[in-house]
Amino acid sequence: TRTGLNGSIPPELALLASNLVTLKVGKNPDLHGPLPEHFIGNLTKLSTLDMSSCGLSGTLPNNLDRMEDVTSIDLSENRLNGTLPSSLYQLSVLTSLKLESNQLGGTLSQALDQLERLADLNVRYNLLSGPLPQFDTAPRLEVIQLDYNMFTGSLPRITGQLAERKEFSLGHNRLAGTLPWSVGPNEVLSVDIASITIGKIDVSYNNLSGTLPNILSVVPSLKHLDLSGNKFEGNLSQVWPFVEYFAVRGNQFNGTLPFAGMPRLSHLDVSSNDFSGVFADELYDLTKLEYLILGDNARLGGTISNTKLGKLTKLRHMEWNNCDLSGSLPSTSLANLTQMVALLLQNNRLTGTIPSEIGLLNATLKQLRLDNNQLEGTIPPNPGMTQLSLLRVLNVANNSLTGTLPLFSQLGKLTDLKVLGNPDLSGAVSTSVCNQANGTLTHADNIGCTVSCGCCLDREETCGDDGDGRRRRRSWRSRWLR
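Criteria and cut-off values
Residues numbered from 1 in each chain as written. Predicted model: local features only at pLDDT ≥ 70, side-chain atom pairs only at ≥ 80, totals over all residues. Heavy atoms only, no water. Disulfide = S-S within 2.5 Å. Helix = DSSP H or I, 4+ residues; strand = E, 2+ residues; numbered from the N terminus. Salt bridge = Lys/Arg side-chain N within 4 Å of Asp/Glu carboxyl O. Buried < 20%, exposed > 50% of the residue type's maximum accessible area, 1.4 Å probe, protein only. Pairing = 2+ DSSP bridges. Polar contact = N/O pair within 3.5 Å; in protein donor to acceptor, adjacent residues only side chain to side chain. Contact = heavy atoms within 4.5 Å.

Peer 1: Break down the state of the cysteines for me, with residues and values.
Peer 2: Following the criterion strictly, the structure yields one disulfide and no others. Residue cysteine 449 pairs covalently with cysteine 463 via a disulfide, S to S 1.9 Å. Here the disulfide of cysteine 449 and cysteine 463 is left-handed, its torsion about the S-S bond being about -75°. Highlighted residues: cysteine 449 in the loop between helix 6 (444-447) and helix 7 (459-463) and cysteine 463 in helix 7, separated in sequence by 14 residues.

Peer 1: Summarise the pattern of salt bridges; cite the residues concerned and give the values.
Peer 2: Per the counting criterion, the structure on display carries eleven salt bridges. Arginine 349 serves as the salt-bridge partner of aspartate 324, at 2.8 Å between the closest nitrogen and oxygen. Here aspartate 324 is found in strand 26 (residues 324-328), whereas its partner arginine 349 is found in strand 28 (residues 349-351), with 25 residues between them in sequence. The partner of aspartate 371 in a salt bridge is arginine 369, and the shortest N-O contact between them spans 2.7 Å. The exposure class of arginine 369 is partly exposed, given its relative accessible area of 26%. In the salt-bridge network here, residues are joined through shared partners; they are Glu100, Arg124 and Asp147.

Peer 1: Residues and numbers for the sheet that holds strand 32 (residues 400-405), please.
Peer 2: Ordered in space as 30-32-34, the three strands form an open sheet in which the pairing is parallel. Two strands lie at the open edges of the sheet, namely strand 30 (376-377) and strand 34 (424-427), each paired on one side alone. Examined bridge by bridge, strand 32 and strand 34 share four bridges and lie parallel to one another. Along strand 34, the bridge assignment pairs glycine 403 with leucine 425.

Peer 1: Explain unusual backbone geometry to me, and be specific about the residues and the numbers.
Peer 2: Unlike most non-glycine residues, serine 272 shows phi in positive territory, near 55°. Mapped onto the elements, serine 272 comes out in the loop between strand 21 (267-269) and strand 22 (274-278). Owing to a relative accessible area of 27%, serine 272 belongs among the partly exposed residues under this scheme. Of note in this structure, asparagine 322 is not a glycine but carries a positive phi near 55°. As for its placement among the helices and strands, asparagine 322 is situated in the loop between strand 25 (317-319) and strand 26.

Peer 1: Residue-level account of the side chain of asparagine 373, with values.
Peer 2: Mapped onto the elements, asparagine 373 comes out in the loop between strand 29 (367-369) and strand 30. Polar contacts involving the side chain of asparagine 373 include one to the main-chain carbonyl oxygen of leucine 345, which spans 3.1 Å. From its side chain, asparagine 373 meets the backbone oxygen of aspartate 371 in a polar contact 3.3 Å long. Discounting residues that sit within four places of it in the chain, asparagine 373 has contacts with Leu345, Gln346, Asn347, Asn348, Arg349, Leu350, Asn398 and Asn399.

Peer 1: Pulling in residues and values, what's your account of the pairing of strand 6 (residues 79-82)?
Peer 2: For strand 4 (residues 55-59) and strand 6, the ladder comprises three bridges, and the chain directions are parallel. Within the sheet, the bridge partner assigned to glycine 58 lies in strand 6 and is leucine 80. Across two bridges, the pairing between strand 6 and strand 8 (residues 103-104) is parallel. Note on strand 8: the bridge partner recorded for glycine 82 is leucine 104.

In C-alpha cells, the structure reads:
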C-alpha cells in the first residue's frame, strides 16, 4: 500500500499469483488499467485482495470465482465499469465486499443470498439500478451500504434477520413507498424489541412517504436515523430515548418539536419542514448536542435563552435561520460555547445589538450569519468581531447597524464579507481584507454604497463613485449624451 507503483498490471505477475495469499497494493493512483482475467484466474489461494484507490478501469473479470478462498475484496475508489458478474456471487467464503466509488451499473442480484458468510457489503457511489434484493436470506450480513446509486422500487421489509443488521444505508437513490414497519405493524410488534440490533438506518433523499412507525423510537440499538429529503408527514410526538443522530430535514412534518426524552442526542436536524410553536425549554437539556439545525421552519418561533443556552457546551453548529425567532442575541452564555464553529441566525426578527461577547468564540468560530434581522447599534470591534481570527464568513447585511465598519485586519481568513443594507454604516473595507478575499468582494452588492470598498470593481456602476466614496465627475461628453 502506498508504494508508488505505476503502470498496468504486468502479465508476468500472473506467474507468481498462484502462491499469493494476501495482495495489498491499494492507494497507488498511478497503478492503472484493467484487472486481467489471466491474473485473477491464478489467484486460487488468495484470501485478501486490496486494490483500492488505484487507477483501475474496465470491467470486473468473469472468472472471480477462481478466487475460491478469498474472504475480503476491496476495489473501491477506482474507475471500474460494467455490471457485477455472476461469478461474484459464487465466492462462498467472502465476508467483505467493497466496491465503493466506481462506475458499476446493472442490478444487484438476489443471488447475493448465496454469499452465506458475507458480513460487509459496500457498493456506495456507483450507477447500480433496479429493485433491491430482499437481503433476509443472507444470514451474516451486518453492514449494507448501497447509498448514492439509482435503485428503484420499495424498501425491503426490515424484519427477521434483516432487523439484526448493524447498518442499513440506502440514501440518495430513487426508492418509493413507505417505511417497512408501516406496511405490517402487527407483524413487527410481535417481535421482541430486544432482539432487534440494527444500529443505523439511512434512507435519506429518496421518494419515500407516510408517517413514522412508533416502533422506531423504542429500538435500543438504533443510534443513527436519517430520513432527510423525502415526503414523510405527520408529527414527531414519539419520545426517542436512544437515538444519537436524528435527521428529518426536507420533509413535511408538522406540529411541535419533541425535545424531551432525548438525552443521548448529539445531532438534531429538523430543518425545512413545517414545525410550529415556540422552542421548549427542554431543548437546553440536550447537553450532548453538537449540531442543532432547526432552520427553514417559518412558523417556529420563540427566543434564545441567554441563561440556558450556555448549558449546550458541546455545540459546534447552530442553524436557526428562516424561522420566526425574536428577541435579542445571547451574550454572556457565549462564553460556554467554546466549540462553536458556525452560528447561523439569518432571516429572523432578532432585535437589539450584536454583543461584544461574540469575540469569546475566537478559538473556533468560522461562520457568522446575522443578516436580514432587525439588529441595531455598532459592530463591536474590540472586544468583539476583530477577535475572531478564524472567521471566514461574516454576513450582517440588511439590518439597522450604525457606526464605522471595523478594519478587520486581524481576520486573516475572512473571504466572505457582506454588510450591505445598513444605510447608517460607514467606514471602509481594509486593504488587507480586500487582498485575502480572492475576488469575493468584487461586487458592491456585498458591501453596499455607504462603506468604501477599493476592491469592489462594479462600485462606480452600482454606487456612482470610485470606491472611496467620492463621486466621479462625468465628462461634458457623457453629460451631453445622457
